[in-house]
Amino acid sequence: MSVLDGILAGVREDLDQRRRETPLAELRSRAGDMPPALDPLPAFRAPGVSVIAEVKRKSPSKGALADIPDPASLAARYATGGAAAISVLTEQRRFGGSLADLDAVRARVDVPVLRKDFIVDPYQLWEARAHGADLALLMVVSLDDGQLADLMGLCGELGLTPLVEAHTAEEVRRAAAVGAELIGVNARDLTTLDVDRAVFKELAPLIPQGAVKVAESGVAGPRDVAEYRAWGADVVLVGEALVRSGDPGTAVREFIGATEV
């Protein structure tokens, strides 16, 4: 069993528990009461590099990263620093996140919010919208073609912008085939947790013209952001480097201003 297989098994167990506690009909009602989702694409397509700043407590590869007693306050500092969107990890077992974190961040910031999780079921997209998310992560590696198409379609119905994540040329092809406008390349191989930032350099040219290119993982400082930008990234998603920075607002500004490799 790969690392990803183990994560997905836990995700499905936790999903079954939440489904028992909160019927889909209740989620649908909550989602219907939410204001319309914010569109992140205009900001992502603006000149320069955009940053999606992540609320991230821990990871399977690094363990505990940061004590975040107030995710809303952290998100506010990200937004003040110029983050174009805030990513909130909601997976609990390996990342220490929750939907409560998503609620807190949504209530505090005015920029688009991404629900970052291992989404394998339509119920999770209804959860995302019911808790105020504007974007949702869809990992191609976790979904077959039918599932990916169905989840993309539901994102459209709910007003969610899907961030469709790939790690191989075949996964980029599949993301393009379902019409993804926001395609992420994760430098981390989720089956092994190994990181190679050059994966983005290799795969970025395969992303269709007009789609927004997002570089994910492997950012330690401004130089890495500048390199991703030089390789074609429109957006860079950063988690660990920000939560460990000590001054997340300043760090976001430095990443946005990174222009030289």
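Counting restarts for each chain: residues are numbered from 1 in the order of the written sequence. Reporting in this predicted model follows two pLDDT cut-offs: at least 70 for local features of residues, and 80 or more for side-chain atom pairs to be given and counted; totals over whole chains, interfaces and linings ignore these cut-offs and use all residues. With hydrogens and water stripped out, all remaining heavy atoms of the structure feed into the side-chain values.

**Examining the sheet that holds strand β8 (residues 182-186)**
Stage number 1. Spatially, eight strands are ordered β1-β4-β5-β6-β7-β8-β9-β10 in a closed barrel, and the strand pairing comes out parallel. Averaged over all pairs of adjacent strands, the angle between their axes in this sheet comes to 25°, without regard to strand direction.
Stage number 2. Both β8 and strand β9 (residues 212-216) contribute to a ladder of five bridges, which runs parallel. Residue pairing in the sheet places N186 in a bridge with E216 of β9. The pairing criterion is simple: DSSP has to find at least two bridges between the two strands. Each helix is a run of DSSP H or I of at least 4 residues and each strand a run of E of at least 2, with the numbering of both proceeding from the N terminus. Lines fitted to the C-alpha atoms define the axes, with helices restricted to the stretch that makes contact. Angles between their N-to-C directions range from 0 to 180 degrees.

**Concerning the side chain of K213**
Stage number 1. Tracing the chain through its elements places K213 in strand β9.
Stage number 2. Accessibility here uses a 1.4 Å probe with only protein chains present; expressed as a share of the type maximum, an area under 20% marks a residue as buried, one over 50% as exposed, and anything in between as partly exposed. We count Lys and Arg on the positive side and Asp and Glu on the negative side, and we leave His and both chain ends out. By definition here, a salt bridge exists when the distance from a side-chain nitrogen of Lys or Arg to a carboxyl oxygen of Asp or Glu is within 4 Å. Although K213 is buried, it forms no salt bridge, and the closest oppositely charged side chain is D234 at an N-O distance of 4.8 Å.
Stage number 3. Residues in contact with K213, not counting those within four places in the same chain, are I183, F200, A204, I207, G232, A233, D234 and V235. Any two residues whose heavy atoms approach within 4.5 Å are treated as being in contact.

**Structural notes on helix α1 (residues 3-21)**
Stage number 1. The span one expects for a helix is its residue count, reduced by one, times 1.5 Å. Along its 19 residues, α1 runs 28 Å from first to last C-alpha, staying within 8% of the 27 Å computed at 1.5 Å per residue.
Stage number 2. Considered for burial, the residues of α1 that qualify are L4, G6, I7, L8, G10, V11 and L15.
Stage number 3. Packed against the buried residues of α1 are α6 (122-130).

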